[in-house]
Amino acid sequence: MSSSEPAGTVDVAMAHAARLLDIDPALAAEQAQEILKVLPNHPPALLLLATARRRSGNPAAALALLEPLVKSQGQWAAAHFQLGLALAGVGRGDEAIQALRKTVELKPEHTEAWRHLADHLMATGDTEGADAAYGRHIQCSTRNPLLRKAAVAMLENDIPQAERLLKTHLKQAPTDVPAIRMLAEVAVRCGQDADARKLLERCLELAPTFAAARFNYAVLLHRLNKAAEALVEVERLLAVEPRNPGYRNLYGVILSSIGEYERSSRIYAELLAEYPANAKAWLSYGHVLKTEGRQDESIDAYRQSIARDPAFGDAYWSLANLKTFRFDEADLAAMRAQLANTGLDDMARLHFHFALGKAYEDAGDYTRSFEHYSKGNALERARSRYDADRNTARIRRLATTFTRDFFSERAGAGCDARDPIFIVSLPRSGSTLLEQILSSHSAVEGTNELPEIITMAKDLRGQADSEEIGAYSEVLASMNAAALRELGEQYIERTRIHRKTDRPFFIDKMPNNFLHIGMIHLVLPNARIIDARRHPLACCLSNFKQYYARGQRFSYGLADMGRFYRDYVELMAHFDEVLPGRIHRVIYERMVEDTETEVRNVLAYCGLPFEPGCLRFYENERAVRTASSEQVRQPIYREGVEQWRHYEQWLDPLKEALGAVLDAYPAVPRL
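Computed from a predicted model, the values in this text were never measured in an experiment.

A. Examining the packing of helix α14 (residues 227–240) against helix α15 (residues 245–257) more closely. Where α14 meets α15, the closest approach of the two axes is 10 Å, and the angle between their N-to-C directions is 155°. In terms of their interaxial angle, α14 and α15 are classed as roughly antiparallel. Relative to α15, the crossing made by α14 is left-handed. Across the interface between the two elements, Ala227, Ala230, Leu231, Val234, Glu235, Leu237 and Leu238 from α14 touch Tyr247, Arg248, Leu250, Tyr251, Ile254, Leu255 and Ser257 from α15. Looking at the contact of α14 with α15 residue by residue, the classes come out as 11 nonpolar, one polar and two charged.

Here it is as structure tokens:
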């Protein structure tokens, strides 16, 4: 080829090189270089050569070409897109996001740019941004006008319209896997997780290599607390795309959920090296470091998050939630300044109020502390709309089903495993301390707040004829001995992934499992059940001061909190009556005052010999995920026993809601 050859010849050569990209990138690079010998600095040939080098596994060589190319061709979307992919290839994720954003700014219909942008945003924890980018990807990638309309409806959050359009289309094309995947997303947004799971399984049955559907499936399984299954799916995705940032982030999240904290923190550290400017990535890393007990490093990670986004209230609350951390005056001034910003979003505002509540509490300014706690709680309560009457109705329904005769008729049913030790309670009742003490015994493994019992209850509720909360108890009532045994075996199998040692016993300390004692007794009749109880004013106030990442919606109003505590006492009193001696109760204040006696009593209940190491629980180096993680790494925390008295002048709504339960504590009144 010579410089005098017509443009048509160059076009033919370029077209040939472009075809080679998918077959043999190295050969495509050679072809591009031949073209550049004739036409030096020819932009399309430079772009093709850069693409070929990146696809050949040399993103650094691609960058050397792309960075000057983008400077000279600043409005060329294709060049920005390849720059984004090359930057990602060398681990410069933050810059990759910028390049991909520029791509879609220049070419809003660039479907692959939207997909890659979504992957990067997912890796940084920006799920809202990732969802929007995935939506644009779907909108741009489909040629069917009906599906394009459905994608637009989803972007505008018009879920009923999206559902109508997708179902209409699928009547005509029932095997259209992108449409099935979109309908699964609609089901997720409607809270119909079971339907979403069936749709995604159908997707993967029709198209096993449909990576986007498999990723959605893995995310859904994780949300459904099916950790082992989610792990299988994400590992299949990573086997094909080991560097995909979204897959790696999900992998880290799942590993953390099953107690693989060291592996999880390595993944987050790798992602941070790629996204060092991202505040949410630093926050996630800080959470894992906190769980591992690496407090100084977790504080640094939270500080790094704040440095990158001073309005990120969640990072300030995460520092406060260490419980042992103390803010300085500069921190207080920074938080007050953020709250003065009228443009601050409600979630950030909520986090700042909770953080300032803790900061002023530590400073002994209880008036300002309570003011901020109250404002934070009011914001969350308006969002969550908790119904206290509904919970009371659930308690009464469970008590009506689970009677002494009911259990007598089913004696001998269930799985005979003796492994589990359930610690049930309200949150902030000393259950983490109790878990730390028990897991310091050579025969007991501490795991986590395991979701399996709650997941089983939700699955059974889906089989109930009634939509009422607590209706799953009637499904249990209809099950025979074999079915109950199978449920118990399922629990043992599903929790196996959380166990890391060969110790014969393990702890499940999900506090809300007190609602499911009836099921626990039926399916695991040999399991130990320990009720950790704390003074109602201390427990309820501690919950009021705590912001939970999810769940515990009853805790954002003092009256609601008091009602919930009263309901809890009522249900536990019922089980004491119909299953006498089945549940061992540990009173927090007694544990603080006479630790050894209480420890000996609980070990005796579990059938375990006393070990002095249980009194040195603070030397236990196991990972702890709850809000008390730093407190239980110290000797008995006595300061919390009377702390509620600093706030007593504001606790009248709580006292009124507690009623006789408060006066009788630690005994139980007739309810």
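Once the structure has been displayed, the description carries forward.
B. The arrangement of the side chain of His169 in detail. Structurally, the position occupied by His169 is in helix α10 (residues 159–172). Not counting residues within four places of it along the chain, the set of residues in contact with His169 comprises Asn144, Leu146, Leu147, Asp176 and Ala179.

C. Local environment of the packing of aromatic side chains. Applying the stated criterion across every chain yields a total of 28 aromatic pairs. Geometrically, the ring pair formed by Phe354 and Tyr547 is tilted, given 5.6 Å between the ring centres and 45° between the ring planes. You can see Phe354 sitting in helix α21 (residues 346–362) and its partner Tyr547 sitting in the loop between α30 (536–544) and α31 (558–578), a full 193 residues away along the chain. Overall, the relative accessible area of 0% leaves Phe354 in the buried class. Ring-pair connections join several aromatic residues into one group, and the members of that group are Trp317, Phe354, Tyr366, Phe370, Tyr373, Phe544, Tyr547, Tyr556, Tyr647 and Trp650. Cation over ring: Arg410 sits above Phe406, and NZ or CZ is 3.8 Å from the ring centre. Sitting above the plane of the Phe610 ring, Arg600 keeps its charged end 3.8 Å from the centroid.

D. Highlighting the layout of surface pockets. Of the volumes computed, that of the second largest pocket is approximately 520 Å³. Lining the second largest pocket are 18 residues; nearest its centre among them are Ala88, His116, Glu241, Arg243 and Asn244. Where the lining of the second largest pocket is concerned, the elements lending two or more residues are α5 (77–89), α7 (111–123) and α15. A per-element tally of the lining of the second largest pocket places α7 first, with four residues.

E. Quick peek at the pairing of strand β4 (residues 528–533). The element β4 is extensively covered by neighbouring structure, given that six of its six residues are classed as buried. Along β4, one buried face is formed by Arg528, Ile530 and Ala532 and the opposite face, lined by Ile529, Asp531 and Arg533, is buried too.

F. Quick look at the sheet that holds strand β3 (residues 505–508). Reading across the sheet, the five strands line up as β2-β3-β1-β4-β5 and stay open at both edges, with parallel pairing between neighbours. Of all strands in the sheet, those bounded by a partner on one side alone are β2 (444–448) and β5 (583–587). In this sheet, adjacent strand axes meet at a mean angle of 25° when their direction is disregarded. Across four bridges, β2 lies against β3 in parallel orientation. Bridging from a neighbouring strand, Asn448 pairs with Asp508 of β3.

G. Inspection of the nonpolar core at higher detail. Among the nonpolar cores identified, the biggest contains 123 residues, and Leu438, Leu476, Phe514 and Tyr565 are the most heavily contacted of them. At 10 residues, α31 tops the list of elements feeding residues into this core. Beyond its immediate sequence surroundings of up to four residues, Leu476 is in contact with Phe402, Leu460, Leu484, Leu487, Met519 and Leu522. Within the second largest apolar cluster, 63 residues are counted, among which are Ala150, Ala151, Ala196 and Leu238.

H. Local environment of the confidence of the model for the protein chain. Overall, the prediction assigns the protein chain a mean pLDDT of 91, with 96% of residues at 70 or greater. When the elements of the protein chain are averaged for pLDDT, helix α1 (residues 7–23) gives the smallest value, 81, and β4 the largest, 98. Overall, residues 1–7 carries pLDDT values under 50, and its contacts beyond four positions in sequence, including any with other chains, amount to five contacts. Confidence over residues 625–630 falls short of pLDDT 50; this stretch has 22 contacts with residues more than four positions distant or in other chains.

The rules we used
- Residues numbered from 1 in each chain as written.
- Predicted model: local features only at pLDDT ≥ 70, side-chain atom pairs only at ≥ 80, totals over all residues.
- Heavy atoms only, no water.
- Axes fitted to C-alpha atoms, helices over the stretch in contact; angles between N-to-C directions.
- Helix = DSSP H or I, 4+ residues; strand = E, 2+ residues; numbered from the N terminus.
- Parallel < 35°, antiparallel > 145°, perpendicular 65-115°, else oblique.
- Left-handed = near helix turned anticlockwise from the far one by under 90°.
- Contact = heavy atoms within 4.5 Å.
- Nonpolar A, V, L, I, M, F, W, Y, C, P; charged D, E, K, R; others polar.
- Phe/Tyr/Trp six-rings, centres within 6.5 Å; stacked < 30°, edge-to-face > 60°.
- Buried < 20%, exposed > 50% of the residue type's maximum accessible area, 1.4 Å probe, protein only.
- Lys NZ or Arg CZ within 6 Å of the ring centre and 35° of its normal.
- 1 Å grid on protein atoms, 1.4 Å probe; cavity = no way out; pocket = protein on both sides within 12 Å on 5 of 7 lines; lining within 4 Å.
- Points joined across faces, edges and corners; volume = space filled by probe spheres on them.
- Pairing = 2+ DSSP bridges.
- Core = buried A, V, L, I, M, F, W, Y, C linked by side-chain atoms within 4.5 Å.
- pLDDT = per-residue confidence, 0-100.

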